[in-house]
Amino acid sequence: MTHLLAANNHEWRQLLAARDDPPAPGAPVGLIRWTLDETCRTKVTKTQLRGGPPDPIKGAVVAAAVAEATIRSRLAASTLKEWKTKCPEWKASDNDDLKVRAKQCELFMGPVDDGWATRCDMVIQYFEAAGKLQGPVGHQTGYTDSPEWKALEQSDDHHLNFVVYCAPWLSDEKKEEPLTKNKYYYNYAHKLYLENDPSQIVTMRDQIVGTKPPDKLTLALTVQDRDLPTGDRMKIPASITIHPIYLDIFEGRWLQAITPASELARATTITPEMTKGSVPISFFSDRLSAVMHHEIFHLRGLGNFKDKKGGVDSYDFRAILGNKDNRLPDFYMFLALQIELFTRNIAVQEDGLMVDMPPLPAAEEDPTTAREDIPTCRR
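Starting from 1, residues in each chain are numbered consecutively following that chain's sequence as written. Local features in this predicted model are restricted to residues whose pLDDT is 70 or higher, and side-chain atom pairs enter the listing and the counts only when it is 80 or higher, whereas totals over whole chains, interfaces and linings include all residues. The side-chain figures draw on all heavy atoms in the structure; neither hydrogens nor water molecules are used.

*Asks:* How would you explain the overall build of the protein chain if you had to name every residue and give the values?
*Replies:* Runs of H or I in DSSP of at least four residues are treated as helices and runs of E of at least two as strands, each being numbered from the N terminus. Counting its secondary structure elements, the protein chain contains 12 helices and 11 strands. The buried label goes to any residue with under 20% of its type's maximum accessible area, the exposed label to any with over 50%, and the partly exposed label to all in between, with areas taken from a 1.4 Å probe on protein chains only. Burial analysis of the protein chain (379 residues in total) assigns 53% to the buried set. Carbon and sulfur atoms provide 53% of the accessible area of the protein chain, an area that totals close to 17,100 Å². Values of accessible area rely on a 1.4 Å probe in the Shrake-Rupley scheme; residue burial ignores everything except the protein chains shown.

*Asks:* Which residues make up the state of the cysteines, and what values go with them?
*Replies:* Joining two cysteines, a disulfide is a covalent bond between their sulfur atoms. When two cysteine sulfur atoms are found within 2.5 Å, that pair is recorded as a disulfide. Inspection of the entire model under this criterion finds two disulfides. Across a sulfur-sulfur distance of 2.1 Å, C40 and C166 are joined as a disulfide pair. Disulfide C40 to C166: torsion about the S-S bond roughly 100°, handedness right-handed. Of this pair, C40 sits in the loop between β1 (34-36) and α3 (56-92) while C166 sits in the loop between β2 (162-165) and β3 (175-176), placing them 126 residues apart in sequence.

*Asks:* Please set out the pairing of strand β4 (residues 183-187) residue by residue, giving values where relevant.
*Replies:* Extensive coverage of β4 is indicated by the burial of four of its five residues. Note: two strands are recorded as paired if DSSP finds a minimum of 2 bridges between them. Pairing geometry for β3 and β4, over two bridges, is antiparallel. Counted as the bridge partner of E176 is K183 from β4. In this structure, the hairpin formed by β3 and β4 is closed by a connection of six residues, where K181 is found at a positive phi of approximately 65°.

*Asks:* So, the pairing of strand β7 (residues 238-242): which residues are in play, and what are the values?
*Replies:* Here β7 lies mainly inside the structure; five of its five residues are buried. Relative to β7, β2 runs parallel, the two being bridged by four bridges. Looking across to β7, one finds that Y165 is bridged to T241. Alignment of strand β6 (residues 220-223) against β7, held across four bridges, turns out to be antiparallel. The residue of β7 that forms the bridge with T222 is I240.

*Asks:* Describe in detail the environment of T85, supporting the description with residues and values.
*Replies:* Mapped onto the elements, T85 comes out in helix α3. Classification of T85 as partly exposed rests on a relative accessible area of 48%. Separated by 31 residues in the primary sequence, T85 and W116 have C-alpha atoms spaced 9.9 Å apart. Identification of polar contacts relies on pairs of N or O atoms within 3.5 Å, with a donor-acceptor requirement for protein atoms, meaning one able to donate a hydrogen and the other able to accept it, and with residues adjacent in sequence counted only if both atoms are side-chain atoms. Among the polar contacts made by the side chain of T85, one reaches the main-chain carbonyl oxygen of E82 at a distance of 3.2 Å.

*Asks:* Please provide a residue-by-residue account of the layout of surface pockets, values included.
*Replies:* The pocket and cavity definitions rest on a 1 Å grid over protein atoms only: a 1.4 Å probe that fits but cannot leave marks a cavity, an open set with protein on both sides within 12 Å along at least five of seven lines marks a pocket, and residues lining either have an atom within 4 Å of a point. Grid points are joined across faces, edges and corners, and a volume is the space filled by probe spheres set on the points. Looking at the largest pocket, its volume works out to about 1,800 Å³. As for the largest pocket, its lining consists of 45 residues, of which Q200, L221, T222, V223 and D307 are closest to the centre. Sorting elements by how many residues they give to the lining of the largest pocket places helix α7 (residues 200-209) first, with five residues. Within the lining of the largest pocket, the residues separate by chemical class into 16 nonpolar, 13 polar and 16 charged. Only Asp, Glu, Lys and Arg are considered charged in this grouping, and only Ala, Val, Leu, Ile, Met, Phe, Trp, Tyr, Cys and Pro are considered nonpolar; every other residue, Gly among them, is considered polar.

*Asks:* Tell me about the sheet that holds strand β5 (residues 192-194), and please be specific about residues and values.
*Replies:* If you trace the three strands from one edge of the open sheet to the other, you get β3-β4-β5, paired in antiparallel fashion. Single-partner strands in this sheet number two, and they are β3 and β5.

*Asks:* Hey, could you go over the side chain of Q207 for me, with residue numbers and the actual values?
*Replies:* By the element assignment, Q207 lies in helix α7. Residue Q207 is classed as buried on the basis of its relative accessible area, which comes to 5%. One polar contact links the side chain of Q207 to the main-chain carbonyl oxygen of P213, over a distance of 3.3 Å.

*Asks:* I'd like a rundown of the packing of aromatic side chains, residues and numbers included.
*Replies:* Side-chain rings of Phe, Tyr and Trp (the six-membered ring for Trp) are treated as a pair once their centres are within 6.5 Å; stacked means planes under 30 degrees apart, edge-to-face means over 60, and tilted covers the remaining angles. Applying the stated criterion across every chain, the model contains 15 aromatic pairs. Considering the side-chain rings of F127 and F297, the 6.0 Å spacing of their centres and the 90° angle between planes classify their relative orientation as edge-to-face. Of this pair, F127 sits in helix α5 (residues 116-130) while F297 sits in the loop between α10 (288-296) and β8 (308-309); the two residues are 170 residues apart in sequence, bridging distant segments of the chain. Grouping aromatic residues by their ring pairs yields a cluster made of Y126, F127, F297, F305, F331 and Y332. Over the ring of W169 we find R50, and its NZ or CZ is 3.9 Å from the ring centre. Above the ring of Y186, the side-chain terminus of K175 is found at 5.0 Å from the ring centroid. Either the NZ atom of lysine or the CZ atom of arginine qualifies as a charge over a ring when it sits within 6 Å of the ring centre and within 35 degrees of the ring normal.

Structure representation (structure tokens):
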């Protein structure tokens, strides 16, 4: 068994070392920084969404989930670069075991044909950008109140950055919008009036406080300006809000730590039973790092991708398998999970089941053996 803080200690230290660095002059567009809102560092209850007592375990877990998504993106980018040359060779081979690997190349990326390398390059660029996320900014100096984050607020590129919330931050009552004089809920996190009523973020808040049943949960929600922001709006970061009921239900064992070290170890551990033959890959995709991996591909700096294709919601393994559309957040989330399993010699079948892959022939050297060893995100 391996877990993030042990197996990737060097990688984790690098992330920690970089996350409070000030923006470099002329930093490329797409270099995205993030931090945690107080709701991810305090206890949230139905009667007190903000200002609760400290909850350091939750903050560590959320930060670790974003770090996993970052590292998984790097693994996906590096593996796809290897696939660009290896997959055509595997497909052309007479060896049935190599053809199994070639089929993995085509599962989400489509046929290995003349357009294969071009499709790989497009996907690689987004994974590489996601692999450069830096945060949480100000982890030792106040997060959103830190001097480091305050400095970023002066940049016109700040809309490319994001804050992770673990509860909505809305007005209790509707407020009058100055221009139209209409009344809407106000989203303090994104400094805007919610003209779509009821919006998903309002529904999330109502489910927490108990005025609406939690029968269908939006696990997390990304909010940013619909159009490219101008003026002062360029200085307002996006927000990713995790539903606290989701955290309680799916990640509750993380928040009931005996000690931070032992709980984080269990939280990020991959166990043998997670990768046995009859477990569908979708089992992994509502784990926190996979949810965060999905959400970051909504961000403007990472594609600004939507969840709909042709006006139809395109979520989950079967939908992505069917359309293979690399403009969907779930495409990147599932492809990264599949690639990580591939590097562990586990193949994902078209029915979503996972099986052991045959070993490479002795003459073959698997280019992925030097990969970063990161935990699989269990669904």
